[in-house]
Amino acid sequence: MKTLKKSAGKLEVHASPLDRRRGVLRLGEITVPCALGRSGIIMRKREGDGGTPAGRFALLHVYYRPDRGLPPATLLPAEPLSPTSGWCDDPGHRRYNRPVQLPFPASHEKMWRDDRLYDIVVVLDCNLDPAVKGKGSAIFFHIAREGYSPTEGCVAVSPEHMRLILQNVSLGAEMVIRT
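Residues numbered from 1 in each chain as written. Predicted model: local features only at pLDDT ≥ 70, side-chain atom pairs only at ≥ 80, totals over all residues. Heavy atoms only, no water.

**Examining the side chain of histidine 93**
Quick note on the threshold: In this description a helix means any DSSP run of H or I spanning at least four residues, a strand means any run of E spanning at least two, and both kinds are numbered starting from the N terminus. Whenever a nitrogen or oxygen atom comes within 3.5 Å of another N or O atom, the pair is scored as a polar contact, on the condition that within protein one atom can donate a hydrogen and the other can accept it, and that pairs from neighbouring residues in sequence are kept only if both atoms are in side chains. Residue contacts are defined here by distance: any two heavy atoms, one from each residue, within 4.5 Å place the two residues in contact.
Summarising the element assignment, histidine 93 is placed in the loop between β8 (85-88) and β9 (99-101). A polar side-chain atom of histidine 93 sits 2.9 Å from the main-chain amide nitrogen of arginine 95. In contact with histidine 93, other than residues within four places in its own chain, are Cys88, Phe104, Ala106 and Lys133.

**Focus: the sheet that holds strand β10 (residues 108-110)**
The condition that has to hold: Paired strands, as defined in this entry, are two strands with at least two bridges between them according to DSSP. Axis lines are fitted to C-alpha atoms, over the contacting stretch for helices. Their N-to-C directions set the angle, which ranges from 0 to 180 degrees.
Here three strands make up an open sheet; going across it, the order is β9-β8-β10 and the pairing antiparallel. For this open sheet the edge positions go to β9 and β10, each flanked by a neighbour on one side alone. Looking at each pair of strands side by side, their axes are set apart by 40° on average, direction ignored. Pairing analysis gives three bridges linking β8 to β9, with the strands arranged antiparallel. Across the sheet, the residue bridging to glycine 86 is valine 100, located in β9.

**Concerning unusual backbone geometry**
Note the cis peptide between leucine 102 and proline 103, where omega equals 0°. Positionally, proline 103 belongs in the loop between β9 and β10. A positive phi angle, close to 55°, is found at alanine 138, a residue other than glycine. Tracing the backbone shows alanine 138 in the loop between β11 (120-124) and β12 (140-143).

**A short note on the environment of aspartate 115**
Here aspartate 115 shows up in the loop between β10 and β11. Sequence separation of aspartate 115 and glycine 23 is 92 residues, and the distance between their C-alpha atoms is 22 Å. Separated by 3.3 Å, the side chain of aspartate 115 and the backbone nitrogen of leucine 117 make a polar contact.

**With respect to the pairing of strand β1 (residues 10-15)**
Sheet topology note: the β1/strand β14 (residues 174-178) ladder contains five bridges and is parallel. Its bridge partner being in β14, histidine 14 is matched across the sheet by arginine 178. Bridge count for β1 against strand β2 (residues 22-27) is four bridges, and the pairing is antiparallel. In the strand pairing of β2, histidine 14 is matched with valine 24.

**Describing the packing of aromatic side chains**
Selection rule: Any two of the Phe, Tyr and Trp rings considered here, Trp counted by its six-membered ring, make a pair once their centres fall within 6.5 Å; the pair's planes then place it as stacked at under 30 degrees, edge-to-face at over 60, or tilted in between. Throughout, exposure labels follow a simple rule: accessible area from a 1.4 Å probe, protein chains only, divided by the maximum for the residue type, with under 20% read as buried, over 50% as exposed, and the rest as partly exposed. The criterion is that NZ of a Lys, or CZ of an Arg, lies within 6 Å of the ring centre and within 35 degrees of the ring normal, and then a charge sits over that ring.
One pass over the full model with this rule turns up two aromatic pairs. Summarising the aromatic geometry, the rings of tryptophan 87 and phenylalanine 140 are spaced 5.0 Å apart at their centres and angled 85° between planes, so their arrangement reads as edge-to-face. Within this pair, whereas tryptophan 87 is found in strand β8, its partner phenylalanine 140 is found in strand β12, the two being separated by 53 residues in sequence. For tryptophan 87, a relative accessible area of 3% gives the class buried. Judged by its relative accessible area of 1%, phenylalanine 140 falls in the buried class. Site record: aromatic cluster; members linked through ring pairs are Trp87, Tyr118 and Phe140. Seen from the ring of tryptophan 112, arginine 65 lies directly overhead, with NZ or CZ sitting 3.6 Å from the centre. The side chain of arginine 113 reaches across the aromatic face of tyrosine 118, ending 4.9 Å from its centre.

The following block contains the structure:
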C-alpha cells in the first residue's frame, strides 16, 4: 500500500458527473472511489433524505469491530465497538445524534452490524455540537458495500482504502464535501 507522510490533511470529496451517488475522495496523492448518499451531495440536510451533506467536517473518532480485524493504524482516537453500541437517530430524543448503549428505547442505529459497513467507522463532526433536531444524524465515513452502492447519506470507501486513509491522517483532519 502506498503511504504518505502523516499530516492533518484535508480529505476532498466530489460527486461523479456521471452518477451523483458515487464520487472521488482525495487525500494528497491518494485518490480513491467512494459511495455517497442515494440523493447525492446536498446543501440542506434533513433527517432521512438520503443526501450526503456538503460542508467541512472534522474527523473526530474511529470505531472498529475488534472481531473482524486489527484496529486501524491511526492517530485519531479509536475504540472498539461492542454488540451494545448504538447511535440515536430520533430527532425527538435528547440523545439525538449521539452514541448510545443498547437496548435503547428511542429510534437508533445498531453500530455492531451484520454487514461489514461499520467494521471501521469514523464519526464526522456533522450536526453534533449542538445537534439540531431533524438536520441529520449518523453521518459517518465508513466501509462501502460491494459495487459502491449508495449510502443513507454517508461517505464510504473500500476497507483497504479506509485503512490507507486513516494511517495518513492525524488529529485535525477534515473532510470537505463539495457539490
